[in-house]
Amino acid sequence: MITLYAFGPLFGLCDASPFVTKTLVHLKMSGLAFSCDYKGFEHAPKGKQPYIRDGETVIADSVFIRDYLEATYNLDFDQGLDPIARAQSWAIERMLEDHLYWGIMSARWLIPDNFEKGPRHFFQAIPEEHREGAIQGTLEAIQKRTQAHGLGLHTPHEQAAQINRSLTSLSVLLGDKAFMFGDTPTGLDASAFGMVEGVLCDTFSSPYRDHARTLPNLITYRERMRERFFAD
Ligand SMILES: N[C@@H](CCC(=O)N[C@@H](CS)C(=O)NCC(=O)O)C(=O)O
């Protein structure tokens, strides 16, 4: 049976990480049996989750996990999509994962109120005398990462202008369809759902959440994906 190494359902989300949520959806789309392990982070091959174990095979990164599932089990999550739609799917996924994600992540960690309500809990296991030092070190590292990415070089107002543009683009691309490419979910829906759920999360306020709340089709899309894949 496949093991998915995950953070767990926190903050009202299917998983604290949109990338883990994406892989959860891909696994559910696959119909394969799998279980979740919430204690594997320190063994993550690339220092990040998700990763999976399938027998002796360990695969890290949601993109490579999907590739592995499709290649190994003869699946195609984009069945019915032509080459142009498949290319669009990749382009939209990159917008979500290499752009929108950085807005979600920095809002969650670097807006102090959000940090208090969420990520601070991840440090509970650290002895009290070392905890604040560990928190400060992590926050500085995250600040540096967002600057290296580029988003963190902008003012909050400029960041919101760009992130909200990605949200509006996603909403326009979804339009009145049930899923990103029509009536049937495809591989991209896994990624889109993880990010939409992450940005709309009630626990964390941000200019992005405020903007996403003005895009009704994203809200109904989140509910539709939850019903379809997480009714249990
Ligand atoms: N490209 C990776 C991104 C995974 C990722 O960024 N995971 C985050 C959680 S959202 C993580 O594990 N962060 C831990 C860390 O960087 O220390 C994927 O698609 O799986």
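Above this text sits the structure in question.
Residues numbered from 1 in each chain as written. Predicted model: local features only at pLDDT ≥ 70, side-chain atom pairs only at ≥ 80, totals over all residues. Heavy atoms only, no water.

## Some points on the pairing of strand β1 (residues 2-5)
Both faces of β1 are covered, namely the face carrying Ile2 and Leu4 and the face carrying Thr3 and Tyr5. By the bridge criterion, 4 bridges tie β1 to strand β2 (residues 34-37) in an arrangement that is parallel. Looking at β2, one finds that Ile2 is bridged to Phe34. Note on the crossover from β1 through helix α1 (residues 18-30) to β2: the handedness is right-handed. Relative to strand β3 (residues 51-54), β1 is paired through 3 bridges, and the arrangement is antiparallel. Across the sheet, residue Thr3 finds its bridge partner in β3, namely Arg53. (Buried < 20%, exposed > 50% of the residue type's maximum accessible area, 1.4 Å probe, protein only. Helix = DSSP H or I, 4+ residues; strand = E, 2+ residues; numbered from the N terminus. Pairing = 2+ DSSP bridges. Right-handed = clockwise from strand over helix to strand, strands pointing away.)

## A short note on the packing of aromatic side chains
Under the counting rule described, the total for this entry stands at 12 aromatic pairs. With a centroid separation of 6.2 Å and 35 degrees between ring planes, the pair formed by Trp109 and Phe122 is classed as tilted. With Trp109 in helix α3 (residues 83-110) and Phe122 in the loop between α4 (112-117) and α5 (128-149), the pair connects residues that are 13 residues apart, well separated along the chain. Residue Phe122 is classed as partly exposed on the basis of its relative accessible area, which comes to 41%. Judged by centre distance (6.2 Å) and plane angle (50 degrees), the ring pair of Phe115 and Phe123 falls under tilted. Per residue, the accessibility class of Phe115 equals that of Phe123, and both read buried. What links up through ring pairs into an aromatic cluster is the set Phe11, Trp109, Phe115, Phe122, Phe123 and Phe204. The aromatic ring of Trp90 is capped on one face by Arg94, whose charged end is 4.5 Å from the ring centroid. (Phe/Tyr/Trp six-rings, centres within 6.5 Å; stacked < 30°, edge-to-face > 60°. Lys NZ or Arg CZ within 6 Å of the ring centre and 35° of its normal.)

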